[in-house]
Structure formats: structure tokens, C-alpha cells
Amino acid sequence: MTAVLEAISIWAIPVVVALVAFYAICKKVPVYSVFTEGAKEGFSTAIMIIPYLVAMLCAIGMFRASGAMDFICDLLAPVTNVIGLPSEVLPMAIMRSFSGGGAEGMMADLLAQYGTQSQIGRIASVALGSTETTFYVVAVYFGSVGISNTRHSIAAGLLGDLASLIAATLIVNIMWF
């Protein structure tokens, strides 16, 4: 199973990029011009989201420094043990909803401590790849286009993150029991 997954991971991105480029060429799309236009738009969007990004990073720092992360992890540990989610992965899973970079740093620590072939390492890796930075998306992207009423976006995003975390845990525990 590991050999198959390694082969897929090596070829997935190059094949998708080649297929998209081939499709664009077949449709006579000026690929380079469209790419540079998109890059120009992306740069102006990046400039617009800087204030929202700074506010989000400040909030993440306060959340971690306040001890709220540890409190939530201690509170949820008995529940996560029922589904087979190790308590060591929980801080990374919580951070993922706030910051992709922060969650990647926490996952790197887990991989360094427990190894890439450990159940903790596998669950952390799959969970990181299957969840979203919900609060980051709401703060930065919604803020950059002026949406102030997020309605049910946060609840839907967090429920999606929870479902992804549970699915990642169950799938890894089934595949590598």
C-alpha cells in the first residue's frame, strides 16, 4: 500500500499540471498571458490582505500564549481517545483552523518526535492535508472583499474540519492498524 501511495504522490501534481496545460493549448488559450494576468491579480490581492493577515497572526499568538490551547486539548482528550485520535495530535488539529503555517510547525514537531511512520505522524499528516484554515479564510479572504456578515461560514467550516479530522483518524487507523 505504501508503494502505491508513494507512486501516486510523485506523479499526481505533474500529471495534473500537464493535463491543464494540454487542455488550455487545445482550447487555444494563451497560457503565458493568462498566467501572468493571474499573477498580477494575485499580487494586488496579497497587498490588500496584509492588514487582515496581521490581525489574524496577532490573535493566534494571544490564543496560544493565554493557555486556551492547552485548556481545550485537556478538555477534548477523553472524547478524541474514543475515536482513536491521539491527544498529541489535538493541538495541531486545533491550530489548523487558525493557521496553516502554525499547524505545519506543530506537525513537524510531531514528526520529529514520533517519526513519519508512527500512527501519530500518519494521523497528523492526513489531518493536516484534509482540514482547512477556517478562521484564516474568514478573516483574510472575507475581509479582503469587504464581507462582514459571515453568517454560517465559521460553523460550516469548523464542522467540515471536524468531519475531516474524524475521517483522517478513522482511515489511518483502518489502513495502518
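- As named in an unreviewed UniProt entry, the protein is Spore maturation protein, taken from Anaerotruncus colihominis.

### Some remarks on a nonpolar patch on the surface
Here is step 1: On the surface, Met-1, Val-4, Leu-5, Ile-8, Leu-170, Ile-171, Ile-174 and Met-175 cluster together to form a nonpolar patch covering roughly 790 Å² of accessible area.
Here is step 2: Within the residue set of the nonpolar patch, elements represented by two or more residues are helix H1 (2-26) and helix H8 (153-175).
Here is step 3: With 4 residues, H8 is the single largest residue contributor to the nonpolar patch.
Here is step 4: If you trace the backbone, Met-1 turns up in the segment before H1.

### Observations regarding the nonpolar core
Here is step 1: Counting 25 residues, the largest nonpolar core has Met-69, Val-89, Met-92, Ile-94, Met-95 and Phe-98 as its most contacted members.
Here is step 2: Sorting the residues of this core by element identifies helix H2 (31-65), helix H3 (68-83), helix H4 (90-96), helix H5 (100-114), helix H6 (119-130) and H8 as the ones contributing at least two each.
Here is step 3: The residues contacting Met-69, other than those within four sequence positions of it, are Phe-63, Arg-64, Pro-91, Ile-94, Met-95 and Met-106.

### Quick word on the side chain of Thr-150
Here is step 1: One can find Thr-150 in the loop between helix H7 (134-144) and H8.
Here is step 2: For Thr-150, a relative accessible area of 18% corresponds to the buried category.
Here is step 3: Excluding anything up to four places from it in sequence, Thr-150 contacts Val-138 and Phe-142.

### Looking at the UniProt feature "domain: Nucleoside transporter/FeoB GTPase Gate" (unreviewed entry) in the protein
Here is step 1: Within this structure's numbering, the places UniProt gives as "domain: Nucleoside transporter/FeoB GTPase Gate" (unreviewed entry) are residues 47-147.
Here is step 2: Counted over residues 47-147, helix gives 79% and strand 0%. Its end C-alpha atoms are 17 Å apart.

### Section: H1
Here is step 1: Across its 25 residues, H1 extends 36 Å between first and last C-alpha, which sits within 8% of the 36 Å expected from 1.5 Å per residue.
Here is step 2: For H1, the principal kink sits at Trp-11 and spans about 35°; a proline, Pro-14, occurs within the next four residues.
Here is step 3: With its phi angle positive at about 60°, Lys-28 sits one or two positions after the end of H1.

### A word on the pattern of salt bridges
Here is step 1: The tally for this structure, following the rule as stated, stands at 1 salt bridge.
Here is step 2: Glu-37 is the partner of Lys-40 in a salt bridge, and the nearest nitrogen-oxygen pair spans 3.5 Å. With Lys-40 and Glu-37 both in helix H2, this residue pair falls 3 residues apart, about one helical turn.

### Let's talk about the side chain of Thr-133
Here is step 1: Of note, Thr-133 is situated in the loop between H6 and H7.
Here is step 2: The class of Thr-133 is buried, set by a relative accessible area of 8%.

### A short note on the packing of aromatic side chains
Remark: the centre distance and the inter-plane angle together describe each pair of aromatic rings, the angle taken between the planes.
Here is step 1: Summed over all chains, the structure comprises 3 aromatic pairs.
Here is step 2: A centroid spacing of 5.9 Å and a plane angle of 90° characterise the contact between Tyr-136 and Tyr-141, whose relative ring orientation is edge-to-face.
Here is step 3: Here Tyr-141 falls in the partly exposed class, since its relative accessible area comes to 41%.

### Some details on the packing of H7 against H8
Here is step 1: It is the contact of H7 with H8, at a shortest axis distance of 9 Å, that shows an interaxial angle of 145°. Where H7 crosses over H8, the handedness of that crossing is right-handed. Residues Thr-134, Phe-135, Val-138 and Phe-142 of H7 form the contact with H8, whose participating residues are Ser-153, Ile-154, Gly-157, Leu-158 and Asp-161.
Here is step 2: Taken together, the residues of the contact of H7 with H8 sort by class into 5 nonpolar, 3 polar and 1 charged.

Rules used throughout
- Residues numbered from 1 in each chain as written.
- Predicted model: local features only at pLDDT ≥ 70, side-chain atom pairs only at ≥ 80, totals over all residues.
- Heavy atoms only, no water.
- Patch = residues over 30% accessible without salt bridge, like charges linked within 9 Å, V, L, I, M, F, W, Y side chains within 5 Å.
- Areas by Shrake-Rupley, 256 points an atom, 1.4 Å probe, with all protein chains shown as cover.
- Salt bridge = Lys/Arg side-chain N within 4 Å of Asp/Glu carboxyl O.
- Helix = DSSP H or I, 4+ residues; strand = E, 2+ residues; numbered from the N terminus.
- Core = buried A, V, L, I, M, F, W, Y, C linked by side-chain atoms within 4.5 Å.
- Buried < 20%, exposed > 50% of the residue type's maximum accessible area, 1.4 Å probe, protein only.
- Contact = heavy atoms within 4.5 Å.
- UniProt positions renumbered as here; feature names shortened; annotations may be inferred.
- Expected span 1.5 Å × (residues − 1).
- Bend = angle between axes of the 7 residues up to and from the residue.
- Phe/Tyr/Trp six-rings, centres within 6.5 Å; stacked < 30°, edge-to-face > 60°.
- Axes fitted to C-alpha atoms, helices over the stretch in contact; angles between N-to-C directions.
- Left-handed = near helix turned anticlockwise from the far one by under 90°.
- Nonpolar A, V, L, I, M, F, W, Y, C, P; charged D, E, K, R; others polar.

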